[in-house]
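Chain by chain, the residues:
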Amino acid sequence: MSISSAIADEPDASKDQMIRSVAIQGCETMSVGGAEGWEPITYIDENGRQLGLAIDILDEYAAQHGIHLNLMLDIPWSRSIQMLGKGEIDVIAGAYFTKERNRIYTYSAPFAFDDVMVFQHRQNRFPMNNIYDLIGYRGARPQGGSYGDYIDHYAQTSLDMIYSPTGNRIFDVLINGRADYVMLGRYDGLTNLYKNHLEDVIEPAEPPLARNEVLLMFSRQSPCAQHIAEINLLIKRLKEDGTLERWTTVHLRGVMNETPSDS
């Protein structure tokens, strides 16, 4: 007898249970990579806990479907992306959309937004209204990340850019004069400022270069990718009932206090 025939012959309650069991086959454990310092999306706190809004979403979904989460935020971002491509990690918990990534991986619905900002030394500011104003200045940005197709392409072809492997200390190149600005997500940059007590030294220049959606990014080789449609429904519900906003506030407040709280 086929699985579909067996399900059809079951009472409704048992049918729901069997459908759930079939759905998680091959995805009893979901391995999760991501950025270790992208508050409030994903981060590792001072006690070694792997936290963030994206982790909250996956944890909520996993609890509902009997899936175990294997959190791997301690793996460097570039390595995590390579592992995702090979199916060695099931999902990256938070990424921007690009056409190239969409060709290789598969995305969830967006669950957050992040502004791409230009951070400047307060004693070496220059007028900045759009990306074209960065021509003639040397910038820095984290290695291996993306800020969307347009910014990535323009930075590669038209800007003088240093790619820093140490995202949590990237402002060092601004302080020591190696760069005129640093390009970072708003949350990422502000968190670094607060953690390193640089609020009076470095500031973000308004307006942002772009406002990017943040999504979950799944390996096409992962059996867990079959859950994306249901995860999207969960994201929609969490948005509508205000849970995502509440979780975001909890993480940001925790980071600013340097003692992140569990959501």
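These numbers come from a predicted model, not from an experiment.

Student: I tried to follow the overall build of the protein chain on my own but got confused; where do I start?
Tutor: Secondary structure assignment for the protein chain yields ten helices and twelve strands. For the protein chain, the proportion of its 263 residues judged to be buried stands at 49%. Of the contacts formed within the protein chain by residues at least 6 apart in sequence, a portion of 71% connects residues at least 24 apart. Only carbon and sulfur atoms are counted for the fraction: they give 48% of the accessible area of the protein chain, which is about 12,900 Å².

Student: Is there a simple way to explain the sheet that holds strand 3 (residues 42-44) in this structure?
Tutor: Sheet strands pair by backbone hydrogen bonding; their relative direction is either parallel or antiparallel. A sheet is described by the order of its strands in space; here three strands give the open sequence 2-3-4, paired in antiparallel fashion. The open sheet has two free edges, formed respectively by strand 2 (37-38) and strand 4 (50-51), since each of these has just one partner strand.

Student: Before we go on, may I ask you to explain the state of the cysteines in this structure?
Tutor: Each disulfide consists of a covalent bond between the sulfur atoms of two cysteine residues. Taken as a whole, this structure holds one disulfide when the rule is applied. At a sulfur-sulfur separation of 2.0 Å, the disulfide partner of cysteine 27 is cysteine 224. Here the S-S torsion is close to 105 degrees, and the disulfide linking cysteine 27 with cysteine 224 is therefore right-handed. Taken together, the residues cysteine 27 in the loop between helix 2 (12-23) and strand 1 (29-33) and cysteine 224 in the loop between strand 12 (202-219) and helix 9 (228-240) connect sequence positions 197 residues apart. The same class applies to cysteine 27 as to cysteine 224, namely buried.

Student: Would you mind going over the packing of aromatic side chains with me for this structure?
Tutor: Aromatic ring pairs are described here by two measures, namely the spacing of the ring centres and the angle between the planes. What the rule picks out here adds up to eight aromatic pairs. Here the aromatic rings of tyrosine 150 and tyrosine 154 are separated by 6.0 Å at their centres, their planes lie at 20 degrees, and the arrangement is stacked. In this pair, tyrosine 150 and tyrosine 154 both sit in helix 6 (residues 149-158), four residues apart, roughly one turn of the helix. What makes tyrosine 150 partly exposed here is its relative accessible area of 47%. Since its relative accessible area comes to 10%, tyrosine 154 is described here as buried.

Student: Got a minute to help me understand the pattern of salt bridges in this structure?
Tutor: Opposite charge on two side chains permits them to pair, given that their charged atoms come into close proximity. Tallying each qualifying case throughout the model produces 15 salt bridges. We note a salt bridge from lysine 195 to glutamate 39, for which the minimum N-O separation is 2.7 Å. One end of the pair, lysine 195, is in helix 8 (residues 186-195); the other, glutamate 39, is in the loop between strand 2 and strand 3, and 156 residues separate them in sequence. Residue glutamate 39 is classed as buried on the basis of its relative accessible area, which comes to 1%. If you follow the salt bridges from partner to partner, you end up with Asp115, Arg186, Glu206 and Arg211 in one network.

Student: What exactly am I supposed to notice about the nonpolar core here?
Tutor: Most often, soluble globular proteins have nonpolar side chains that are buried together. Met30, Phe111, Leu134 and Met183 are the most contacted members of the largest nonpolar core, which has 77 residues in total. For this core, the element with the highest residue contribution is strand 12, accounting for nine residues. Setting aside residues no more than four positions away along its own chain, methionine 183 makes contact with Val116, Met117, Leu134, Ala140, Arg141, Pro142, Tyr147, Ile151, Leu159, Met161 and Leu209.

Student: When you look at helix 3 (residues 53-65) in this model, what are you seeing that I'm missing?
Tutor: Along an α-helix, residues three or four positions apart point the same way, because every turn accommodates 3.6 residues. Taking 1.5 Å per residue, 13 residues should reach 18 Å; helix 3 reaches 19 Å between its end C-alpha atoms and fits that length. Burial in helix 3 covers these residues: Leu53, Ala54, Ile55, Asp56, Ile57, Leu58, Tyr61, Ala62 and His65.

Student: Whenever I open this one, the confidence of the model for the protein chain confuses me. Can you help?
Tutor: Do not read the fine detail of predicted coordinates wherever pLDDT is low. Residues at a pLDDT of 70 or more form 86% of the protein chain, whose mean pLDDT is 88. Note on residues 1-8: pLDDT is under 50 here. Beyond four places in sequence and across chains, it has nine contacts. Across residues 259-263, confidence stays below pLDDT 50; counting only partners more than four residues off in sequence or on other chains, it has 18 contacts.

Student: What should I look at first to understand the packing of helix 3 against helix 9 in this one?
Tutor: Helix-helix packing is described using two parameters, namely the angle between the two axes and the distance between the axes. Closest axis-to-axis distance for the helix 3/helix 9 pair is 10 Å, and the angle between their directions is 120 degrees. Regarding the angle of helix 3 to helix 9, the classification is oblique. Here helix 3 runs over helix 9; the crossing is right-handed. Where helix 3 abuts helix 9, its residues Ile57, Leu58, Glu60, Tyr61, Gln64 and His65 lie against Glu230, Ile231, Leu234, Ile235, Arg237 and Leu238. Here the contact of helix 3 with helix 9 is built from residues that sort into seven nonpolar, two polar and three charged.

Student: What is the right way to look at unusual backbone geometry in this model?
Tutor: Leaving glycine out, the prevailing phi sign among residues is negative, and the prevailing peptide bond configuration is trans. Cis geometry marks the peptide bond from glutamate 39 to proline 40, where omega comes out at 0 degrees. Here the bond from glutamate 206 into proline 207 is cis, since omega is 0 degrees, no more than 30 degrees from zero. With respect to the helices, strands and loops of the structure, proline 207 is situated in strand 12. Despite not being glycine, histidine 197 has its phi angle at roughly 55 degrees, a positive value. For histidine 197, the position within the fold is in the loop between helix 8 and strand 12. A residue is classified by how much of its surface remains accessible, and histidine 197, at 59% relative accessible area, is exposed.

Cut-offs and rules
- Residues numbered from 1 in each chain as written.
- Predicted model: local features only at pLDDT ≥ 70, side-chain atom pairs only at ≥ 80, totals over all residues.
- Heavy atoms only, no water.
- Helix = DSSP H or I, 4+ residues; strand = E, 2+ residues; numbered from the N terminus.
- Buried < 20%, exposed > 50% of the residue type's maximum accessible area, 1.4 Å probe, protein only.
- Contact = heavy atoms within 4.5 Å.
- Areas by Shrake-Rupley, 256 points an atom, 1.4 Å probe, with all protein chains shown as cover.
- Pairing = 2+ DSSP bridges.
- Disulfide = S-S within 2.5 Å.
- Phe/Tyr/Trp six-rings, centres within 6.5 Å; stacked < 30°, edge-to-face > 60°.
- Salt bridge = Lys/Arg side-chain N within 4 Å of Asp/Glu carboxyl O.
- Core = buried A, V, L, I, M, F, W, Y, C linked by side-chain atoms within 4.5 Å.
- Expected span 1.5 Å × (residues − 1).
- pLDDT = per-residue confidence, 0-100.
- Axes fitted to C-alpha atoms, helices over the stretch in contact; angles between N-to-C directions.
- Parallel < 35°, antiparallel > 145°, perpendicular 65-115°, else oblique.
- Left-handed = near helix turned anticlockwise from the far one by under 90°.
- Nonpolar A, V, L, I, M, F, W, Y, C, P; charged D, E, K, R; others polar.

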